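Spelled out, the chains give:
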Amino acid sequence: MPSSLMATRTQIPHLRRDLVQRRHLIDSVERSVSDAKLTLLAAPAGYGKTTLLSQWANSTDRRVGWVTLDTDCEDPAQLFRYLIASWASFRPDILESPAGLLAGSMTPDIQGLTTVFLNAAAESEPFAFVLDECETLQNHDAIEVFTKLIDHAPSSLRFLIASRSTPPLPLARFQSRGELQMIGIPDLAFSNQDVCHFAERTSGSAVTCDDFVRLATVFEGWPAGIRLALSSNHPIHEIADACESHGGLRSVEAYFREEILPALPTHIRSFLLDTGMLGTLCADLANQLTGRTDSQELLASIEAEGLFLQAVGPAGSWFRYHAIFAEFLIREKLNCDPDGFADLHCRAARWFFEHKMPENAFEHAVSGHDSWLAGDICDNFAVIKLESGELRTVARWLDEVPPAWFDQNPAFRLASAAYLIYTGSFEESLRLIDLTETQIRSREIPDRTIQLGKIATVRCAIACFQNDLRLAESFADQALSDLSPRESFYIASVHHALGDTYARNGIWDKAAAAYLSALAIDHQPSFKIRSAHIYGALADLELRQGKLSTAGNYWALALQTINAAETWGKLPLPVIGWVQVRQAELCYERNQLQRARELAEQGVKLGELGQDTRTLIAGHLVLARCALVANDLHEAQERLAKVAPLIAESQFVDWVDRYSRQQLELAVARNDRSAITVWLGEHSAKDPGQVPSDSEIYRLALVRAHIELGTENHLDTARSLLSHLLAQANTLGRLAIQIEALCLQAMLLNSLGDELGAVVSTARALRIAEPEGYIRTFADLGERLFNLISGVKDRGVLPPYLEAVLEAFEMTNNNGETLTALAEPLSSREAEVLQLLAVGLTNREVGERLYISHETVKKHTSSIYSKLSVTNRTQAVAVATSHGLLDE
């Protein structure tokens, strides 16, 4: 939806200059908002509900977010997006909050979104949401969500809803708890005094009070009827006579038909009848329907005349007819020209189609009974909406299609088959595809070959989902042969699906070529959505080959795409968090530790919001590695503890191996040989069938454990494992594995007394690593490799790069300050003692707090001073603070 049209849904409506200021009603709304969570204005169209709420919104001290509801808000996720968009009108940072991020993701978890939404509201200044035209909100899921929002709304949040009918909310429950205030017809109806004030402002002729009273009586205080009556510019007594003759409120359409329309110039009357069915319109759309070129001027003049047309949105680019008048115009056009009415719907559908507003286009095409136009819209946009996560929209479209149309136009069955793929019903989708293909081949239909190409595309997608690469390639060849160049979405879909399948099977060169082919195709408007996924996939392929720079560029492109305004609400939140965590890994390898921590923490936050196990595992592991570098063994342990239950439930073998490796690195950091021995015993005993043949990370960790233990048998085992690893890494071009394996080989040879061989392996690893800037792969292997690299430096090999690597062997605290590692880490008890000493407790008070003796505290204090290389408490606190060993 264009931003200008979107603004009409989330902007407080403009107030007309000739409005009657009904101060008592505005004050009544203000009191209601102060007293109750929910204020309900329920009355038929024309009673001024929207006007009153607009007046209140422009006069209250509360911040107000406005949403004009429509049928698309029946999707709870879409309802939340409109609420967030209106909230952002006065609090822009809400878009970056957990509520905004989760609402802005594809298919968000509604329960989680409800929670973070209410949490954000609880932390905000007092504000209110106005939901206008609430009669459109009938979907059970949306009603349930709205009920929860009212039930659990904090004191800072109020809701006001305007509806033509009583909404299906538990109003009795709200009222019994004092949470509901209602404003109805008796409150909203014009009094005699209101009519007098309004008439005096709109009529230039002399009138008497009796005329006003007659007018109010005839229309039973109905503001819309009174406004319409006065808009004819006839004397008040004549208007009252005419209204009485038509029966006032009971025959208002007759009054419109016999008094209002005949008094208008012919071109204005025709314009109103041709455009009334739009409800909301702009000049270009009106020109499309009427064949005119001056619609902007006509709309402005009609609004100025007060013919129930109001400018909405920015700069008066869009207009909206009052519901009562629009409904009259629709019925009038339908009665006098039913064929012309259907043609207007088709013209509107084509305009919305051309302007990439498929929801409006599809509704008008169905109303215009044009199955082929509706089929074209469905054909062009259904798969895009499915890819964007808008499954409810596609399901609604398919429900609205008359059953006979499925036999006339294969586009509808094709869309149904695609929908079934996205819901996981592959067998049912294949059955429907077979039926559709038979339909296409048995009839003379437009673009038969192209339709068969689309069928082949769907078959290719199913084969890729089922990892049947041979079959997928066969269907891909057929699809690419049959599809015309303008079918860019389907062509890109073939390449994308093949790329994923090649990557899944380790055929990286073909995977990269397929991904790049998909990116090279201009298939807007879905390009942004698809490209975010493809950039990430390409980054992973580059990482597998050790190319950090190219991978970083692809991750940056993915993040840039994700942050683009047009992708808000179109990507799953886990994708965003996943990209940030993977960027954090690259920053970590380059020793950009502060940036790595920031990105990983952001990714973990999004992973928690999106309930994405893989993002959480990867993010906590990056943060655990950062903690180890900073010598914060406590945080590293906490991070691994958070990963443990996620690993137990996950199917991500690679990340299970990384978790196991991190456990080993924590044991090594603690210099805990018994823990290393236990770890090695557990992992060496693994069933080989449970370990994938290409799990280099797992085998590298085994090598590290054997080298750390260092016995003759352990070193022999390490040598054997390394021989296989290096051969495989060389064959597959896995630079990252090759670099680490060479480093471990250098450590192994050094342990065996082969100093020359150790230096050669170290130098070789550095030469391979230097172009891509690998740093932490070396630094994380500790002091023994540090000594070997120092030896390489003494030989004058790669001096600039070596300086960066050697510097990384030092520790970095949370403020990014470089410092020397502690000779020996503090024990958990020593850390507790240090924490209490830092807040000023005496040794005796520390002992009482920890239930240990005064002498034991002295022993711990002496050990702390020794490990920190200090002589008193003040120095200890200073050094501990610089190392990040103290809590806030």
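Here the structure is a predicted model, which means the values were calculated and not measured. (Residues numbered from 1 in each chain as written. Predicted model: local features only at pLDDT ≥ 70, side-chain atom pairs only at ≥ 80, totals over all residues. Heavy atoms only, no water.)

## Concerning the overall build of the protein chain
A tally of helices and strands in the protein chain yields 48 helices and 10 strands. Expressed as a percentage of the 888 residues in the protein chain, the buried residues total 56%. Of the accessible surface of the protein chain, which amounts to about 37,800 Å², a share of 49% is contributed by carbon and sulfur atoms. (Helix = DSSP H or I, 4+ residues; strand = E, 2+ residues; numbered from the N terminus. Buried < 20%, exposed > 50% of the residue type's maximum accessible area, 1.4 Å probe, protein only. Areas by Shrake-Rupley, 256 points an atom, 1.4 Å probe, with all protein chains shown as cover.)

## Things to note about the packing of aromatic side chains
This model, assessed by the stated rule, comprises 20 aromatic pairs. Between the aromatic rings of Trp87 and Phe117, the centroid separation amounts to 5.2 Å while the plane-to-plane angle is 70°, which identifies the pairing as edge-to-face. Residue Trp87 is located in helix H4 (residues 76-87), and its partner Phe117 is located in helix H6 (residues 110-122); the two are separated by 30 residues in the primary sequence. With respect to burial, Trp87 and Phe117 carry one shared label: buried. Their ring planes at 85° and their centres at 5.2 Å tell us that Trp351 and Phe352 sit as a pair that is edge-to-face. Joined through ring pairs, the aromatic side chains of Phe80, Trp87, Phe90, Phe117, Phe127, Phe129, Phe146 and Phe159 make up one cluster. Note that Arg614 overlies the ring of Trp578, its terminal NZ or CZ placed 3.7 Å from the centroid. (Phe/Tyr/Trp six-rings, centres within 6.5 Å; stacked < 30°, edge-to-face > 60°. Lys NZ or Arg CZ within 6 Å of the ring centre and 35° of its normal.)

## Focus: the packing of H6 against helix H7 (residues 140-151)
One can describe the packing of H6 onto H7 by two numbers: an axis separation of 11 Å at closest approach and a directional angle of 30°. The pairing of H6 with H7 is recorded here as roughly parallel in orientation. Our pair here, H6 against H7, has a crossing hand that is right-handed. Contact residues: Ile110, Thr114, Phe117 and Leu118 in H6; Val145, Lys148 and Leu149 in H7. Residue composition of the contact of H6 with H7, by class: 5 nonpolar, 1 polar and 1 charged. (Axes fitted to C-alpha atoms, helices over the stretch in contact; angles between N-to-C directions. Parallel < 35°, antiparallel > 145°, perpendicular 65-115°, else oblique. Left-handed = near helix turned anticlockwise from the far one by under 90°. Contact = heavy atoms within 4.5 Å. Nonpolar A, V, L, I, M, F, W, Y, C, P; charged D, E, K, R; others polar.)

## Brief notes about helix H35 (residues 633-649)
It helps to recall that an α-helix has 3.6 residues per turn; residues three or four apart then point in one direction. In a regular helix each residue adds 1.5 Å, so 17 residues correspond to 24 Å; H35 covers 25 Å between its end C-alpha atoms and thus fits that length. Taking the largest bend as the criterion, H35 deviates by roughly 30°, centred on Val643, and proline Pro645 comes between one and four positions later. (Expected span 1.5 Å × (residues − 1). Bend = angle between axes of the 7 residues up to and from the residue.)

## Overview of the nonpolar core
Ranked by size, the top nonpolar core spans 269 residues in total, and within it Trp56, Trp87, Phe159 and Phe778 carry the most contacts. Considering each element in turn, this core owes the most residues, 11 residues, to helix H34 (residues 613-629). Dropping the residues within four chain positions of it, Phe778 is found in contact with Ile739, Cys743, Ala765, Leu766, Ala769, Leu785, Ile789, Tyr801, Val805 and Phe809. Within the second largest apolar cluster, 16 residues are counted, among which are Leu850, Val857, Tyr865 and Leu868. (Core = buried A, V, L, I, M, F, W, Y, C linked by side-chain atoms within 4.5 Å.)

## Considering the packing of helix H39 (residues 712-732) against helix H40 (residues 735-751)
Contact geometry of H39 with H40 gives a least axis separation of 10 Å together with a crossing angle of 155°. What the angle tells us is that H39 and H40 run roughly antiparallel. Here H39 runs over H40; the crossing is left-handed. Contact residues: H39 offers Leu715, Ala718, Arg719, Leu722, Leu725, Leu726, Ala729 and Asn730, while H40 offers Ile737, Gln738, Ala741, Leu742, Leu744, Gln745, Leu748 and Ser751. Of the residues assigned to the contact of H39 with H40, the class counts are 11 nonpolar, 4 polar and 1 charged.

## Observations regarding the sheet that holds strand E7 (residues 309-312)
The sheet built from 3 strands is open, its strands ordered E6-E8-E7 with antiparallel pairing. Each of the sheet's edge strands pairs with one partner strand only, and the pair in question is strand E6 (280-282) and E7. In this sheet, neighbouring strand axes are inclined to one another by 35° on average, regardless of whether the strands run parallel or antiparallel. As defined by bridge partners, E6 adjoins strand E8 (residues 318-321) across 3 bridges and the pair is classed as antiparallel. (Pairing = 2+ DSSP bridges.)

## Describing the side chain of Ser86
Structurally, Ser86 can be placed in helix H4. Accessibility expressed as a relative area gives 0% for Ser86, which makes it buried. The residues contacting Ser86, other than those within four sequence positions of it, are Thr10, Gly65, Trp66, Val67 and Phe129.

## What to know about the sheet that holds strand E1 (residues 38-42)
Spatial strand order, E2-E3-E4-E1-E5: 5 strands in an open sheet with parallel pairing. Each having just a single partner strand, strand E2 (63-68) and strand E5 (180-183) make up the two edges of the open sheet. This sheet shows a mean twist of 15° between the axes of neighbouring strands, independent of strand direction. Pairing analysis gives 4 bridges linking E1 to E5, with the strands arranged parallel. Directly across from Thr39, in E5, lies its bridge partner Gln181. Contacting E1, strand E4 (157-163) and E5, helix H2 (residues 23-35) crosses the sheet at an angle of about 130° to E4.

## Observations regarding the environment of Thr60
Take Thr60: it is sitting in the loop between helix H3 (49-57) and E2. Residue Thr60 is classed as buried on the basis of its relative accessible area of 12%. Along the sequence, Thr60 and Phe127 sit 67 residues apart, while their C-alpha atoms lie 9.9 Å from each other. Looking at Thr60, its side chain comes within polar contact range of the side chain of Glu30, at 3.0 Å. (Polar contact = N/O pair within 3.5 Å; in protein donor to acceptor, adjacent residues only side chain to side chain.)

## Looking at helix H41 (residues 755-769)
Counted at 1.5 Å a residue, the expected span for H41 with its 15 residues is 21 Å, and the 21 Å between its end C-alpha atoms agrees. Those residues of H41 that fall on the buried side of the exposure criterion are Gly757, Ala758, Val759, Ser761, Thr762, Ala763, Ala765, Leu766 and Ala769.

## Structural notes on the environment of Glu125
Take Glu125: it is sitting in the loop between H6 and strand E3 (127-132). Residue classification places Glu125 among the partly exposed residues on the basis of a relative accessible area of 46%. In this structure, the C-alpha to C-alpha distance between Glu125 and Ser156, residues 31 residues apart in sequence, is 6.2 Å. Discounting chain neighbours no more than four positions away, the residues touching Glu125 are Arg63 and Ser156.

## Regarding unusual backbone geometry
Of note, Asn467 is a non-glycine position whose phi angle comes to about 60°, a positive value. Within the element layout of this structure, Asn467 appears in the loop between helix H26 (448-465) and helix H27 (469-482). Residue class for Asn467 comes out partly exposed when judged on its relative accessible area of 33%.

## So, empty space enclosed by the protein
Per the stated rule, a full pass over the model turns up 4 cavities of 30 Å³ or more. Arg625, Arg661, Leu664, Glu665, Leu700, Ala701, Arg704, Glu740, Arg776, Thr777, Asp780 and Leu781 together form the lining of the largest cavity. Mapped onto the lining of the largest cavity, the elements with two or more residues apiece are helix H36 (653-669), helix H38 (696-709) and helix H42 (776-779). The residue inventory of the lining of the largest cavity, partitioned by class, reads 4 nonpolar, 1 polar and 7 charged. (1 Å grid on protein atoms, 1.4 Å probe; cavity = no way out; pocket = protein on both sides within 12 Å on 5 of 7 lines; lining within 4 Å. Points joined across faces, edges and corners; volume = space filled by probe spheres on them.)

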